[in-house]
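# Remarks on the overall topology
Chain by chain, the residues run as shown.
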Amino acid sequence: MQLIDTHVHINFDTFESDRFAVRDRWRDVGVVRLVHSCVEPGEFASIQALADQFPELFFSVGLHPLDAHKWTPQMADEIQSYARSDTRVVAIGEMGLDFFKAENQEQQKAVFLAQLAIAKELDLPVIIHCRDAAAPMRQLLQEFCQTNGAVRGVMHCWGGTPEETQWFLDLGLYISFSGIVTFKKATAIQESAAIVPSDRLLIETDCPFLSPVPKRGKRNEPAYVYHVAECLARLRGVSLESLARETTENACRLFRLDLPSHSTIATCSSY
């Protein structure tokens, strides 16, 4: 069985003392590819260095909505340059809207649209962060798509209702679930997980945050994506092996990843 964790932050200091042990654990549970998200372009060099150490690691470049105040016209050029400089860049992001306690909503929207345009120009998918902003996110994406064509990407660490989930499915996006889906009181998210088509489902840890049950309260790490997969398989009434196969194929398709040559899973085609 092979798994892909589609959203990690292993460059954070919390992994500094045992990063190779963390690597060993993700390999032990069958994680064969990881997509390392980028909070701001200044992280690019550190993420790139990790990918040099761990060949299963691919990554994105972009600006998180909570850092939208850092945006400059030069940053757009910087993101484009970084994305073109390394074939291991498989997405733009993470980017999006975070209106939880936010006072710069219009700035966030402008920065999000600017990064959508970069992704469209480079033909890369987007990793979308959306917190307390589903309706304005939907509107922005609809307007962008009407002018520029469909957006390819994923709603990461998804926490929306089934109705909101359907909005983004209708826009052609993938939906990725994190450890939150394992929480006992996350009933709306669990209901959302049940309705996502099998060819649009992804799994992630968003480590070091949001450890799934039974690791809740501990530092999260990529190996724990196994527990996310286990929970989703149970919610959807399928085997863990089937869930792993579907989400791995989906990740390969969205991010244009190849699997290790020894893989027994069918070769993933390009989007």
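Residues numbered from 1 in each chain as written. Predicted model: local features only at pLDDT ≥ 70, side-chain atom pairs only at ≥ 80, totals over all residues. Heavy atoms only, no water.

Turning our eyes to something else, we now look at the packing of helix H7 (residues 187–195) against helix H8 (residues 225–236). In the contact formed by H7 and H8, the axes pass within 9 Å of each other and the chain directions differ by 70 degrees. Classified by the interaxial angle, the pair formed by H7 and H8 is roughly perpendicular. Contacts between H7 and H8 pair Gln190, Ala193 and Ala194 from the former with Leu232, Leu235 and Arg236 from the latter. Considering only residue class, the contact of H7 with H8 consists of 4 nonpolar, 1 polar and 1 charged. (Axes fitted to C-alpha atoms, helices over the stretch in contact; angles between N-to-C directions. Helix = DSSP H or I, 4+ residues; strand = E, 2+ residues; numbered from the N terminus. Parallel < 35°, antiparallel > 145°, perpendicular 65-115°, else oblique. Contact = heavy atoms within 4.5 Å. Nonpolar A, V, L, I, M, F, W, Y, C, P; charged D, E, K, R; others polar.)

Neither face of strand S7 (residues 174–177) is left uncovered, since the one carrying Tyr174 and Ser176 and the one carrying Ile175 and Phe177 both have all their residues buried. Here strand S6 (residues 153–155) pairs with S7 via 2 bridges, running parallel. What sits directly across from Val154, in S7, is Tyr174. As a crossover connection, the stretch from S6 through helix H6 (residues 162–170) into S7 is right-handed. Two strands pair when backbone bridges link them, and S7 and strand S8 (residues 201–203) are joined in this way by 3 bridges, in the parallel orientation. Paired with Phe177 across the strands is Ile203, a residue of S8. (Buried < 20%, exposed > 50% of the residue type's maximum accessible area, 1.4 Å probe, protein only. Pairing = 2+ DSSP bridges. Right-handed = clockwise from strand over helix to strand, strands pointing away.)

Counted under the stated rule, the structure contains 15 salt bridges. For the salt bridge of Arg88 with Asp52, the shortest nitrogen-to-oxygen distance reads 2.9 Å. One end of the pair, Arg88, is in the loop between helix H3 (73–85) and strand S4 (89–98); the other, Asp52, is in helix H2 (residues 44–53), and 36 residues separate them in sequence. In this structure, Arg256 engages Asp123 in a salt bridge whose closest nitrogen and oxygen atoms are separated by 3.2 Å. In this pair, Arg256 is assigned in the segment after helix H9 (240–255) and Asp123 in the loop between helix H4 (105–122) and strand S5 (126–131), connecting sequence segments 133 residues apart. Linked by salt bridges that have partners in common, Asp18, Arg25, Arg219 and Glu221 make up one network. (Salt bridge = Lys/Arg side-chain N within 4 Å of Asp/Glu carboxyl O.)

Right, let's talk about the packing of aromatic side chains for a bit. Within this structure, the stated rule accounts for 7 aromatic pairs. Note on Phe44 and Phe59: the rings are 5.6 Å apart at their centroids and 65 degrees apart in plane angle, and the pair reads as edge-to-face. Taken as a pair, Phe44 in helix H2 and Phe59 in strand S3 (residues 57–61) lie far apart in primary sequence, 15 residues in all. Overall, Phe44 belongs to the buried group, its relative accessible area being 2%. Relative to Tyr82, the ring of Phe44 lies with its centre 4.2 Å away and its plane at 10 degrees, an arrangement referred to as stacked. Taken together, the residues span a long stretch of sequence, with Phe44 in helix H2 and Tyr82 in helix H3 at a distance of 38 residues. (Phe/Tyr/Trp six-rings, centres within 6.5 Å; stacked < 30°, edge-to-face > 60°.)

The next subject is the layout of surface pockets. Its boundaries defined by the atoms lining it, the largest pocket holds a volume of some 520 Å³. Looking at the lining of the largest pocket, its residues break down into 11 nonpolar, 6 polar and 5 charged. (1 Å grid on protein atoms, 1.4 Å probe; cavity = no way out; pocket = protein on both sides within 12 Å on 5 of 7 lines; lining within 4 Å. Points joined across faces, edges and corners; volume = space filled by probe spheres on them.)

With that out of the way, let us pick up the environment of Leu232. With respect to the helices, strands and loops of the structure, Leu232 is situated in helix H8. Leu232 gets classed as buried once you look at its relative accessible area, which sits at 0%. Remark: the alpha-carbon pair of Leu232 and Ala244, spanning 12 residues in sequence, is separated by 9.8 Å. Discounting residues that sit within four places of it in the chain, Leu232 has contacts with Phe177, Val181, Ala193, Leu201, Ile203 and Leu243.

Another point: the sheet that holds S8. The pairing of strands in a sheet comes from backbone hydrogen bonds and takes either a parallel or an antiparallel form. Strand order across the open sheet formed by 8 strands is S1-S2-S3-S4-S5-S6-S7-S8, with parallel pairing between neighbours. For this open sheet the edge positions go to strand S1 (3–8) and S8, each flanked by a neighbour on one side alone. With strand direction ignored, the average angle separating the axes of adjacent strands in the sheet is 30 degrees. Pairing analysis gives 4 bridges linking S1 to strand S2 (residues 31–36), with the strands arranged parallel. Looking at the pairing, Leu3 lines up with Val31 of S2.

Here we take up H2. All of the buried residues along H2 are Phe44, Ile47, Leu50 and Ala51. Summarising the axial view, the buried residues of H2 lie within an arc of 125 degrees, below the 170-degree limit, and thus occupy one face. Away from its buried face by more than 90 degrees, H2 exposes Ala45 and Asp52. On the buried face of H2, the contacting elements are helix H1 (19–28), S2, S3, H3 and S4. (Arc of directions from axis to C-beta.)

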